[in-house]
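# Topology and contacts: notes
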Amino acid sequence: MKLLKDRHMCLVLDGPSQHGKTTFCKQLVNKPEEYLELNCLGISSAPNLRLVTAETRLINFDEAGLRWCLDNKKMLQGPEAALTMGDSRTGCHAYQVHLHGLMMVVCTNR
């Protein structure tokens, strides 16, 4: 994650509940505003990334499963170009988000 590359690998933490995966993620940043936790339990599409700000350094995709990770591979690679999210037929809910250089962690117990 420290090397600036076109694509990044995300860190996957797998283990039973209450074993400190989320706490570990929070310790990877210096300030609370650098950490963003998104609950991915039960969602089959990309999460709402409108919460990503200029201060965000780490995104924790909590409770994300394998199928979700494979479906959102492009997003998890943190490409150089901005990603268009929330796209629809009319594009009325679309927004762009810059994920390049952000640390991304998937925490799961599945």
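Right, let's walk through the structure included here. Predicted model only: the values in this text are computed from it and were never measured.

Reading the values: the criteria
Residues numbered from 1 in each chain as written. Predicted model: local features only at pLDDT ≥ 70, side-chain atom pairs only at ≥ 80, totals over all residues. Heavy atoms only, no water. Pairing = 2+ DSSP bridges. Helix = DSSP H or I, 4+ residues; strand = E, 2+ residues; numbered from the N terminus. Axes fitted to C-alpha atoms, helices over the stretch in contact; angles between N-to-C directions. Disulfide = S-S within 2.5 Å.

In spatial order, the strands read S1-S6-S3-S2; together these four strands make up an open sheet with parallel pairing. Two strands close off the open sheet at either side, each with one partner strand: strand S1 (11–14) and strand S2 (35–39). Adjacent strand axes in the sheet meet at a mean angle of 20°, parallel and antiparallel pairs treated alike. Here strand S3 (residues 58–62) pairs with strand S6 (residues 103–108) via five bridges, running parallel.

Moving on, we come to the state of the cysteines. Note: disulfide means a covalent bond formed between the sulfur atoms of two cysteine side chains. Scanning the entire structure with this criterion turns up zero disulfides. Free cysteine Cys25: the closest other cysteine sulfur is in Cys107, separated by 3.7 Å. A disulfide-free cysteine, Cys69 has its sulfur positioned 6.0 Å from the sulfur of Cys10, the nearest such atom.

In this section: unusual backbone geometry. In this model, Gln18 sits at a positive phi of 65°, which is unusual for a non-glycine residue. Considering the arrangement of structural elements, one finds Gln18 in the loop between S1 and helix H1 (21–26).

All quantities given are derived from atomic positions and should not be read as evidence of function.
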